Amino acid sequence: TAKLLGRLPRQEQLGRISEICRLNCENLAAALVFCHQNGIGAFRVSSPLFPRYTHPEVGYQLDGLPGHAAINELLAKIKTYREDHDIRLSLHPDQFVVLSSPRPEVVAASRRELEYHGMLAEKIGAGVITLHGGGGYGDKLAALSRLRENFALLSERVKERLALENDDRTYTVADLLPVAESLEIPLVYDVHHHRCLADGLSVEEATRRSLLTWQRLGREPYFHISSPRNGWRTGATTPHADYVDPADFPPCWLHLEATVDVEAKAKELAVLRLKKDLGL
């Protein structure tokens, strides 16, 4: 944590951070080997691979770490392994990363965080940085207008990887499609979120229209799948279950060339069970 690091002299801070970054990269490399060996074609990389990178007090640059040479070597190996075994990598910044916020300080911090993700994505070969629309702030149209304006301030390596995702509380597929189309970026379609926050589009139509945002760019689409922990008829439907009910998997996805991120608490066990359930 930043509080713990703040108690240490700067060189000791950097030494501790450097060791954590190296170990995180080793674990990421091992995760990709597991994916390849088990027929899993995509992996979402944890945002704090380099912890507290953008923190105003204990933040750092990669080349300022004492072990930066070893870390960069590991990153290069990860990128090569990803390419050799066709494993698609993505990143999903935390919810505090909001380009639609009316507060300049929040937007500035969000831009710093997205630039960090862009740097990391470039080093490991990740092609997608998925972002939610953020809050509605009493006027969703104004908020989305701010998102468009702030998108223009991002670096090219972030812009070319950024994708919007519909959420389960504020922004639907119908809300975000015009934004994605105007910015010429893709839409990651989360079918669970869509079922929680309907917008008049069927699953089939939302799939078709989100597909178009990827196809116009010549890229393979991304979808998200999960099931509600308490089922669809009892309690809140937004929390994710440990596994995915195969009945929740849209039949129209089965024959698509697409990447499906499984958002389930059981992680790789849920992926492997769903593949078996679907006969994949």
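Residues numbered from 1 in each chain as written. Predicted model: local features only at pLDDT ≥ 70, side-chain atom pairs only at ≥ 80, totals over all residues. Heavy atoms only, no water.

Enquirer: Run through the nonpolar core, naming residues and quoting values.
Expert: The tendency in soluble globular proteins is for nonpolar side chains to be buried side by side. Ranked by internal contacts, the top residues of the largest apolar core, which has 69 residues, are Phe50, Leu114 and Leu162. Ranked by residue count, the leading element in this core is helix 2 (residues 10–37), at seven residues. Membership of the second largest hydrophobic core comes to six residues, among which are Ala42, Ala163, Val188 and Tyr222. (Core = buried A, V, L, I, M, F, W, Y, C linked by side-chain atoms within 4.5 Å. Buried < 20%, exposed > 50% of the residue type's maximum accessible area, 1.4 Å probe, protein only. Helix = DSSP H or I, 4+ residues; strand = E, 2+ residues; numbered from the N terminus.)

Enquirer: Go over the environment of Pro178 with me, naming the residues and quoting the values.
Expert: Positionally, Pro178 belongs in helix 7 (residues 173–183). Overall, the relative accessible area of 39% leaves Pro178 in the partly exposed class. For the pair formed by Pro178 and Leu75, sequence separation is 103 residues and the distance between their alpha carbons is 36 Å.

Enquirer: Hey, could you go over the layout of surface pockets for me, with residue numbers and the actual values?
Expert: Empty space within the second largest pocket amounts to approximately 280 Å³. Taken together, 15 residues form the lining of the second largest pocket, with Arg52, Tyr53, Thr54, Phe96 and Glu113 sitting closest to its centre. When its residues are assigned to classes, the lining of the second largest pocket shows eight nonpolar, three polar and four charged. (1 Å grid on protein atoms, 1.4 Å probe; cavity = no way out; pocket = protein on both sides within 12 Å on 5 of 7 lines; lining within 4 Å. Points joined across faces, edges and corners; volume = space filled by probe spheres on them. Nonpolar A, V, L, I, M, F, W, Y, C, P; charged D, E, K, R; others polar.)

Enquirer: Quick rundown of the side chain of Asp168? Include the residues and the values.
Expert: Mapped onto the elements, Asp168 comes out in the loop between strand 4 (162–165) and helix 7. Using a relative accessible area of 16% as the deciding quantity, one classes Asp168 as buried. In terms of polar contacts, Asp168 uses its side chain to reach the side chain of Arg169, at 3.5 Å. (Polar contact = N/O pair within 3.5 Å; in protein donor to acceptor, adjacent residues only side chain to side chain.)

Enquirer: Give me the lowdown on the packing of helix 2 against helix 3 (residues 68–84), citing residues and values where you can.
Expert: The axes of two packed helices give the description: the angle between them and the distance between them. Between helix 2 and helix 3, the least distance of the axes is 9 Å, while the angle of their chain directions is 15°. By the criterion of interaxial angle, the relationship of helix 2 to helix 3 is roughly parallel. Here the hand of the crossing between helix 2 and helix 3 comes out left-handed. Residue-level contacts link Ser18, Cys21, Arg22, Cys25, Glu26, Leu28, Ala29, Leu32, Val33 and His36 of helix 2 to Ile71, Leu74, Leu75, Ile78 and Tyr81 of helix 3. Of the residues contributing to the contact of helix 2 with helix 3, the split by class is 11 nonpolar, two polar and two charged. (Axes fitted to C-alpha atoms, helices over the stretch in contact; angles between N-to-C directions. Parallel < 35°, antiparallel > 145°, perpendicular 65-115°, else oblique. Left-handed = near helix turned anticlockwise from the far one by under 90°. Contact = heavy atoms within 4.5 Å.)

Enquirer: Can you tell me about the sheet that holds strand 4, naming the residues and giving the values?
Expert: Strands sit in the order 1-2-3-4-5-6-7 across an open sheet of seven strands; the sheet is parallel. Two strands in the sheet have a free side with no partner beyond their single neighbour: strand 1 (42–45) and strand 7 (259–262). With direction set aside, neighbouring strand axes in the sheet form an average angle of 30°. Of the strand pairs in this sheet, strand 1 and strand 2 (residues 88–91) are connected by four bridges, and their pairing is parallel. Counted as the bridge partner of Ala42 is Arg88 from strand 2. Strands in contact with helix 9 (residues 203–215) are strand 2, strand 3 (128–132), strand 4, strand 5 (187–190) and strand 6 (222–225); relative to strand 5, the strand with the most contacts, it is inclined by about 155°. (Pairing = 2+ DSSP bridges.)

Enquirer: Give me the lowdown on the pattern of salt bridges, citing residues and values where you can.
Expert: One pass over the structure, following the stated rule, counts 13 salt bridges. Arg88 serves as the salt-bridge partner of Glu220, at 3.8 Å between the closest nitrogen and oxygen. On the criterion of sequence distance, the pair formed by Glu220 in the loop between helix 9 and strand 6 and Arg88 in strand 2 is long-range, its members being 132 residues apart. As a salt-bridge pair, Asp175 and Lys140 come within 2.8 Å of each other at their nearest N and O atoms. Separated by 35 residues along the polypeptide, Asp175 in helix 7 and Lys140 in helix 5 (residues 140–151) bring together distant segments of the chain. Residue classification places Asp175 among the partly exposed positions, given a relative accessible area of 23%. Overall, the relative accessible area of 33% leaves Lys140 in the partly exposed class. (Salt bridge = Lys/Arg side-chain N within 4 Å of Asp/Glu carboxyl O.)

Enquirer: Report on unusual backbone geometry, specifying residues and quantitative values.
Expert: Despite not being glycine, Asp86 shows a phi value in the positive range, around 50°. Note on placement: Asp86 falls in the loop between helix 3 and strand 2. At Glu184, a residue that is not glycine, the phi angle is positive and equals roughly 60°.

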